[in-house]
Amino acid sequence: MLKGKTILLGVTGGIAAYKSASLASMLVKSGAEVHVLMTEHATNFITPITFETLTGNRCVIDTFDRNFEFHVEHVALAQKADVAVIAPATANVIAKIAHGMADDMLTTTFLACRCPKIIVPAMNTAMYENAVTQNNLEALRKYGMEIIDPASGRLACGDTGAGKMPEPEFILQHIYRCCACPKDMLGLKVLVTAGPTREAIDPVRYITNHSSGKMGYSIARDCMLRGAQVTLVTGKTAIEPPMFVDVIPVTSARDMFDAVTSRSRDMDIIIKAAAVADYRPSQVADEKVKKSDAELSIPLERTDDILKFLGDNKKPGQFLCGFSMETENMLENSKKKLVKKNLDMIIANNLKVKGAGFETDTNIVTMITPDCVTELELMSKDDIATLLINHILALRQES
Ligand code: CTP
């Protein structure tokens, strides 16, 4: 995710400094080159050797090194950074940065950075809530820095309230959003549907399918990382939706129809990866259906075809992409859906091919447009999402 990226990680003197070791490790595992800058106070909480071992790079520490070469090296670091993060950021370092002070290696390097900057405050609740700290944070926001709000809970000092450093995984997601992808979807509004629908039989039972939501979630995340404003309409799944997207949870095909059609006019791109039920029980029993010795049939009625509705009511310039799950005659059936639903693209996959379909982390898909058919090899759903979006952006540019 961060291959080829250089991350400057500033660590200041707070108890949360120990969590920064996990963050450094996660960044390295994501492929980034990580350089850690510590204040002298931070070295009272965690040793530089921890960071040096994790990152493979020399840790830059507070005391000014009078060696000219080293000084030049740290400016070079500032120049090649893709993002500079301070986690944890004490009230003291926040105050210094807000006023352009550069009296140690961390603040000097930070001031020399032109790249995006992320500040992760962590401190005692009273210090955090103090108007001086809040004003300083507001100043940093005005200077274009991203502030990650601290979590609330029991703090090391014994107080309970806001001031905890969020978990490293959470900070990592902010760093991904900041620099993992070129922002080639800025200004675009994208709606993605994902997961299965559930059609109630009675208060206890429902009809559904095996969709895990993984493909749709990967697409939503890819669009978000590329700078799009993403709405994710999702059926119930067992996985976490991506951060920084507007998640609209739905249950039935009817809920999904309402959630999608009430938002579709606003969208530049709509990608329907959800597995929507084609039929629902004609009647939903108010009470639990009791068993008897006789056979039971459940009469079903058609649900609305959401994608067809969107195709019939497409606004000019809107790009509409569907998915097609087949177990036989994949190409032929999918091409028919492309035409029938008035789509710009359909992504076909055959459930019976190994590595494809529901619940796996991989898929084998064929991207079909009115003019061309592109087969992709077996790959992760994340990689498919990226290629699919590349293809959509290229087609939009052509037209
Ligand atoms: N779809 C939809 N509303 C429905 C059924 C399907 O929006 N009621 C969408 C799906 O989200 C998918 C596409 O239509 O993007 C194709 O779904 P699929 O189940 O493969 O095909 P169907 O059109 O339902 O046809 P069939 O089930 O007969 O293959």
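The structure displayed is predicted, hence computed values, not measured ones. (Residues numbered from 1 in each chain as written. Predicted model: local features only at pLDDT ≥ 70, side-chain atom pairs only at ≥ 80, totals over all residues. Heavy atoms only, no water.)

Concerning the sheet that holds strand E4 (residues 83-89)
Here is the rule we go by: Note on pairing: two strands pair once DSSP finds at least 2 bridges between them. Think of it this way: any DSSP run of H or I at least four residues long counts as a helix, any run of E at least two long counts as a strand, and we number them from the N terminus. Any two residues having at least one pair of non-hydrogen atoms within 4.5 Å are treated as being in contact. The convention used is that axes are lines fitted to C-alpha atoms, helices contributing only their stretch in contact, and that angles between N-to-C directions extend from 0 to 180 degrees.
Judged by pairing direction, the sheet is parallel, and its six strands sit side by side in the order E3-E2-E1-E4-E5-E6 without closing on themselves. In the strand order of this sheet, the two ends are held by strand E3 (60-61) and strand E6 (146-147), each with one partner. Taken strand by strand, helix H2 (residues 48-55) contacts strand E1 (6-11), strand E2 (33-38) and E3, and its axis lies near 170° from that of E2. In this fold helix H4 (residues 91-98) packs onto E4 and strand E5 (117-121), with an angle of close to 140° to the strand it touches most, E4.

Considering helix H12 (residues 330-340)
For the record, the criterion: Relative accessibility thresholds used throughout: buried, under 20% of the residue-type maximum; exposed, over 50%; partly exposed, between the two (1.4 Å probe, protein chains only). Note: the arc covers the axis-to-C-beta directions of the helix.
For H12, the set of buried residues is Met330, Asn333, Ser334 and Leu338. Down the axis of H12, the buried side of the element spans an arc of 145°, and every buried residue falls inside it. Projecting away from the buried face of H12 at angles above 90 degrees are the exposed residues Lys336, Val339 and Lys340. For H12, the elements touching its buried residues are strand E17 (319-326), strand E18 (345-350) and strand E20 (365-368). Once H12 finishes, Asn342 follows within two positions and takes phi at roughly 55°, a positive value.

Let's talk about helix H10 (residues 253-261)
Every buried residue of H10 is listed here: Ala253, Met256, Phe257, Ala259, Val260 and Thr261. In the core, the buried residues of H10 are packed alongside strand E9 (189-194), strand E10 (199-200), strand E12 (229-234), strand E13 (246-249), strand E14 (269-272) and helix H11 (306-312).

Quick look at the packing of aromatic side chains
Stated precisely, the cut-off is as follows: Geometry of aromatic contacts follows a simple scheme: Phe, Tyr and Trp rings, the Trp one being its six-membered ring, pair when their centres are within 6.5 Å, and the pair is stacked under 30 degrees between planes, edge-to-face over 60, tilted otherwise. Charge-over-ring placement is defined geometrically: NZ (Lys) or CZ (Arg) within 6 Å of the ring centre, and within 35 degrees of the ring normal.
All told, the structure shown has one aromatic pair when counted by the stated rule. When the ring of Phe257 is compared with that of Phe309, the centres are 5.1 Å apart and the planes differ by 70°; the resulting orientation is edge-to-face. With Phe257 in helix H10 and Phe309 in helix H11, the pair connects residues that are 52 residues apart, well separated along the chain. Directly above the aromatic system of Phe244 lies the positively charged group of Arg177, at a separation of 3.8 Å from the ring centroid. A cation over an aromatic ring shows up here: Arg302 above the ring of Tyr279, its NZ or CZ 5.9 Å from the ring centre.

A word on the domain arrangement of the protein
Defined as follows: Segmentation of the chain into domains, including their bounds, is taken from an automatic or database domain assignment. Accessible-area loss on putting two parts together, using a 1.4 Å probe and summing over both, is the definition of buried area adopted here. Between Lys or Arg on one side and Asp or Glu on the other, a salt bridge is scored when a side-chain nitrogen of the former is within 4 Å of a carboxyl oxygen of the latter. For the purposes of these results, a polar contact is taken to be a pair of N or O atoms within 3.5 Å, where, inside protein, one atom must be able to donate a hydrogen and its partner to accept one; residues adjacent in sequence count only when each atom of the pair is a side-chain atom. Nonpolar residues are Ala, Val, Leu, Ile, Met, Phe, Trp, Tyr, Cys and Pro. Charged residues are Asp, Glu, Lys and Arg, and all others, Gly as well, are polar.
Here the protein is described as being made up of domain 1 (6-179) and domain 2 (189-398). Each of domain 1 and domain 2 has a C-alpha centre, and these two points are 41 Å apart. Between domain 1 and domain 2, the residue contacts involve five residues of the former and five residues of the latter. A buried area of about 510 Å², summed over both sides, lies between domain 1 and domain 2, and 71% of it is on carbon and sulfur atoms. Among the residues of domain 1 in contact with domain 2, Gln173, Tyr176 and Arg177 are the three that bury the most area, contributing 80% of the side total. Connecting domain 1 to domain 2 are zero salt bridges. The interface formed by domain 1 and domain 2 holds one residue pair in polar contact (both at pLDDT 80 or more) in total. Counted by class, the side of domain 1 that touches domain 2 contains two nonpolar, two polar and one charged residues.

Focus: the nonpolar core
What counts here: Note on terminology: a nonpolar core comprises buried Ala, Val, Leu, Ile, Met, Phe, Trp, Tyr and Cys residues joined through side-chain atoms within 4.5 Å.
Judged by nonpolar contacts, the single largest core of 67 residues is most densely connected at Ile175 and Ile219. Residue contributions to this core peak at seven residues, all from helix H9 (residues 214-225). If we ignore the near neighbours within four places in the chain, the residues touching Ile175 are Leu2, Ile7, Leu23, Leu27, Val83, Val85, Ile118 and Ala180. By size, the runner-up hydrophobic cluster in this structure holds 27 residues, among which are Ala98, Cys115, Tyr128 and Ala162.

So, unusual backbone geometry
The step from Ala87 to Pro88 runs through a cis peptide bond, and the omega angle for that step is -5°. One can find Pro88 in strand E4. Residues other than glycine seldom take positive phi values, yet Asn329 does so here, at roughly 45°. Here Asn329 lies in the loop between E17 and H12. Of note, Asn342 is a non-glycine position whose phi angle comes to about 55°, a positive value. Tracing the backbone shows Asn342 in the loop between H12 and E18. Of the residues examined, Asn342 reaches a relative accessible area of 39% and is grouped as partly exposed.

Details of the pattern of salt bridges
Taken as a whole and assessed by the stated rule, the structure comprises 18 salt bridges. Of the charged contacts in the structure, one is a salt bridge between Lys308 and Asp312, with a shortest N-O distance of 3.0 Å. Of the two residues, Lys308 and Asp312 are both situated in helix H11; the distance of four residues between them amounts to about one turn of the helix. Judged by its relative accessible area of 27%, Lys308 is partly exposed. Judged by its relative accessible area of 49%, Asp312 falls in the partly exposed class.

A closer look at the site of the ligand
Threshold: One heavy atom suffices: a residue is near a molecule or strand as soon as one of its heavy atoms comes within 4 Å of it. Method for areas: the Shrake-Rupley scheme with a 1.4 Å probe, in which residue coverage is limited to the protein chains shown.
As a matter of local geometry, the ligand sits amid 17 residues, with Lys272, Ala274, Phe323, Lys337 and Lys341 nearest to it. Between the ligand and Lys272, the relevant distance is 2.7 Å, taken from an oxygen atom to a main-chain nitrogen or oxygen of the residue. In the model, an oxygen atom of the ligand is placed 2.7 Å from a nitrogen or oxygen of the Lys337 side chain. Contact with the protein chains hides 78% of the accessible area of the ligand, taken as 570 Å² for the molecule alone. Those elements giving two or more residues to the shell around the ligand turn out to be H11 and E17. Per element, the largest residue contribution to the shell around the ligand is five residues, and it comes from E17.

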